[in-house]
Amino acid sequence: MCHLDLNMKKFLLATVFTVLYLSWAIVASDGPFVVAHKKATLTRVKSDIERLSISIDIYNQGYATAYDVSLYDDNWSQDVFEIVAGNTSMSWERLDAGASLSHSFELEAKKKTVFYGAPAVITFRIPTKAALQEAFSTPILPLEILADRPPEKKFDWKLMAKYGSLISVISIVVLFVYLIATPSKASKKKR
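Reading the values: the criteria
The residue count restarts for each chain, going from 1 along the sequence in the order it is written. Local features in this predicted model are restricted to residues of pLDDT 70 or higher, and side-chain atom pairs are both shown and tallied only at a pLDDT of 80 or more, whereas totals for entire chains, interfaces and linings draw on every residue. As a rule here, side-chain values come from all non-hydrogen atoms in the structure, and water together with hydrogens is ignored. Numbering of helices and strands runs from the N terminus, with a helix taken as a DSSP run of H or I at least four residues long and a strand as a DSSP run of E at least two residues long. Residue burial is assigned from relative accessible area. The probe radius is 1.4 Å, only protein chains are included, and a residue is buried under 20% of its type maximum, exposed over 50%, and partly exposed in between. Following DSSP output, two strands are said to pair if at least two bridges run between them. Structural elements are reduced to axes, namely lines fitted to C-alpha atoms, with helices fitted over the stretch in contact, and the angle between N-to-C directions of any two is expressed from 0 to 180 degrees. The term salt bridge refers to a pairing of a side-chain nitrogen on Lys or Arg with a carboxyl oxygen on Asp or Glu at a separation within 4 Å. Working definition: a ring pair exists when centres of Phe, Tyr or Trp rings (six-membered ring for Trp) sit within 6.5 Å. Plane angles under 30 degrees give stacked, over 60 give edge-to-face, the rest tilted.

## Concerning unusual backbone geometry
Moving on, step 1. Here D68, not a glycine, exhibits a phi torsion of approximately 50°, which is positive.
Moving on, step 2. Positionally, D68 belongs in strand β3 (residues 66-72).
Moving on, step 3. Overall, the relative accessible area of 39% leaves D68 in the partly exposed class.

## Description of the sheet that holds strand β8 (residues 121-125)
Moving on, step 1. Ordered in space as β5-β3-β8-β9, the 4 strands form an open sheet in which the pairing is antiparallel. Strands with a single pairing partner mark the edges of an open sheet, and in this sheet they are β5 (89-95) and β9 (133-136). Each strand axis lies, on average, 20° off the axis of its neighbour in the sheet, ignoring direction.
Moving on, step 2. Pairing between β3 and β5: 6 bridges, direction antiparallel. Looking across to β5, one finds that Y67 is bridged to R94.

## Re the pattern of salt bridges
Moving on, step 1. In total, this model carries 9 salt bridges according to the counting rule given.
Moving on, step 2. The salt bridge partner of K38 is D73, with a shortest N-O separation of 2.9 Å. Of this pair, K38 sits in strand β1 (residues 34-46) while D73 sits in the loop between β3 and β4 (81-85), and the two are 35 residues apart along the sequence.
Moving on, step 3. A relative accessible area of 0% places D73 in the buried class.
Moving on, step 4. Across the pair E108 and R51 runs a salt bridge whose closest N-O atoms are separated by 2.9 Å. One end of the pair, E108, is in strand β6 (residues 100-109); the other, R51, is in strand β2 (residues 49-60), and 57 residues separate them in sequence.
Moving on, step 5. One salt-bridge network, in which partners are shared between bridges, spans R51, E82, E106, E108 and K110.

## Brief notes about the packing of aromatic side chains
Moving on, step 1. A full pass over the atoms with the stated rule returns 4 aromatic pairs.
Moving on, step 2. Aromatic pair W76 and F81: ring centres 5.3 Å apart, planes at 85°, arrangement edge-to-face.
Moving on, step 3. Owing to a relative accessible area of 6%, F81 belongs among the buried residues under this scheme.
Moving on, step 4. Here the aromatic rings of W76 and F105 are separated by 6.4 Å at their centres, their planes lie at 75°, and the arrangement is edge-to-face. Taken together, the positions of W76 in the loop between β3 and β4 and F105 in strand β6 put the pair 29 residues apart, joining distant regions of the chain.

Here it is, written out as structure tokens:
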């Protein structure tokens with residue numbers, strides 16, 4: 001059995017208790033629990049222009065409705081990005097328990113850089129509390145804008161045309177030999 005030093009045991013024990021406490025706190029609350037996932041997709045339009053499609057999915061995994069839900073994702077540098085479709089912020093009247101909302105927008109990048117995107121901020125109101133509540137989306141991985149990428153390896157149909165018939169013949173011969181060499185179930189029953 002693996003022997004752990006005392007500090008490691010204390011750390012693991014503290015981690016387990018923290019996770020259990022947070023899990024209990026989430027389950028025990030009867031309010032909204034807002035979770036958001038942010039995704040980014042890069043598409044090369046021209047050699048010097050790239051489009052960035054952003055989508056943010058917001059989920060209420062709690063047991064009560066969140067009111068006055070607002071999304072803010074204004075962390076896109078105007079030196080690098082220009083909005084071409086949609087808005088970086090959006091508001092909704094409510095997000096019921098167990099429901100979800102989606103928002104998307106599109107940016108155009110014209111400057112070569114590595115961009116580190118921050119999480120989007122979601123604010124909402126709970127009727128039992130005076131202060132606005134905040135939640136954050138997942139961050140996106142660093143984006144290599146207008147990076148030099150090797151061309152994608154696509155399926156080569158020329159090779160298929162050249163060797164496809166040979167592969168088919170070999171497959172048929174192997175299948176035929178397998179069927180001949182393998183005794184059938186009916187001949188096993190006769191023996």
